[in-house]
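Structural overview
Residue strings, one per chain:
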Amino acid sequence: MNHKNAGVIPLVATVGQVIIFPYYIIWLKEVSLTFTLFAWFFAAFSFAAAWGYQIFQSKKNKEQSFIILVYAGMGVVYLLVGSINQWSESLPYAVVLLQVFLGVLQGYFRAWHSEQETYHLHAVHHYLIVGFMMIGFTFVKIISPVVYITIFGFLLCLCSLWEFICKRKFRLSKKV
């Protein structure tokens, strides 16, 4: 990606995932009811992330990625998690599907991100931003995890839209 926003959006996604994940874990614990089910949910996520990583690594043309869809997909998962407020007997099945989907997307994103020129700079900025954000969160009164998760999902959907617009402009300027 050769447009000027290529370095900003992946950093937003990685920082956001680290900051939101503790809230996501709280939500997941509330849904799972038992530690065993919670562990199975995370196992599904981990195996799916390995699968997503492998999907990207096995691509022949790594320049052509579906990163816009990855941002949108992750955003939709977080928005769905934020909108689930009713317990039903089918909720654990829905959650395992969300875990697998999110795992594949995050594994794919990690593999794609590690191939980017800005990755090493992002690693440093990522740790600095996460540290400052976590200190900042200590000054915020308790807010429902669902609020953070929903806001992050919306932010990822906006990143996907922004990436789509920038890619389209880049393609149009390349044709001229």
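Only a predicted model underlies this, so the values are computations on that prediction, with no experimental measurement involved.

Rules used throughout
Residues numbered from 1 in each chain as written. Predicted model: local features only at pLDDT ≥ 70, side-chain atom pairs only at ≥ 80, totals over all residues. Heavy atoms only, no water. Helix = DSSP H or I, 4+ residues; strand = E, 2+ residues; numbered from the N terminus. Rg over C-alpha atoms; globule rule 2.2 N^0.38 Å. Buried < 20%, exposed > 50% of the residue type's maximum accessible area, 1.4 Å probe, protein only. Contact = heavy atoms within 4.5 Å. Lys, Arg positive; Asp, Glu negative; His and termini not counted. Charge placed at Lys NZ, Arg CZ, Asp CG, Glu CD. Core = buried A, V, L, I, M, F, W, Y, C linked by side-chain atoms within 4.5 Å. Axes fitted to C-alpha atoms, helices over the stretch in contact; angles between N-to-C directions. Left-handed = near helix turned anticlockwise from the far one by under 90°. Nonpolar A, V, L, I, M, F, W, Y, C, P; charged D, E, K, R; others polar.

The helix and strand tally for the protein stands at six helices and zero strands. Scanning the protein from its N terminus toward the C terminus, one meets helices and strands in the order α-α-α-α-α-α. The C-alpha atoms of the protein give a radius of gyration of 17 Å, which matches the 16 Å a tight globule of 176 residues would have. Residue burial in the protein is summarised as follows: out of 176 residues, 42% are buried. At a minimum sequence separation of 6, the contacts of the protein that also span at least 24 residues come to 88%. Distance from the positive charge centre (13 side chains) to the negative charge centre (6 side chains) of the protein: 9 Å.

Right, let's get into the nonpolar core. Counting 40 residues, the largest nonpolar core has Tyr24, Tyr71 and Tyr78 as the members making the most contacts within it. At the level of secondary structure, the elements contributing two or more residues to this core comprise α1 (9-32), α2 (35-57), α3 (67-83), α4 (91-114), α5 (119-137) and α6 (145-175). Among the elements that make up this core, the one with the highest residue count is α1 (twelve residues). In this structure, tyrosine 71 is in contact with Ile9, Pro10, Ala13, Phe109, Trp112, Leu156, Cys157, Ser160 and Glu163, ignoring residues within four places of it in sequence.

To continue, consider the packing of α3 against α4. In helix packing, the relevant descriptors are the interaxial angle and the interaxial distance, both defined with respect to the helix axes. For the pair α3 and α4, interaxial distance at closest approach is 10 Å and the crossing angle is 145 degrees. Crossing of α3 against α4: the hand is left-handed. Contacts from Ile67, Val70, Tyr71, Gly73, Met74, Val77, Tyr78, Leu80 and Val81 in α3 reach Leu98, Phe101, Leu102, Leu105, Gln106, Tyr108, Phe109 and Trp112 in α4. Among the residues forming the contact of α3 with α4, the class breakdown is 15 nonpolar, two polar and no charged.

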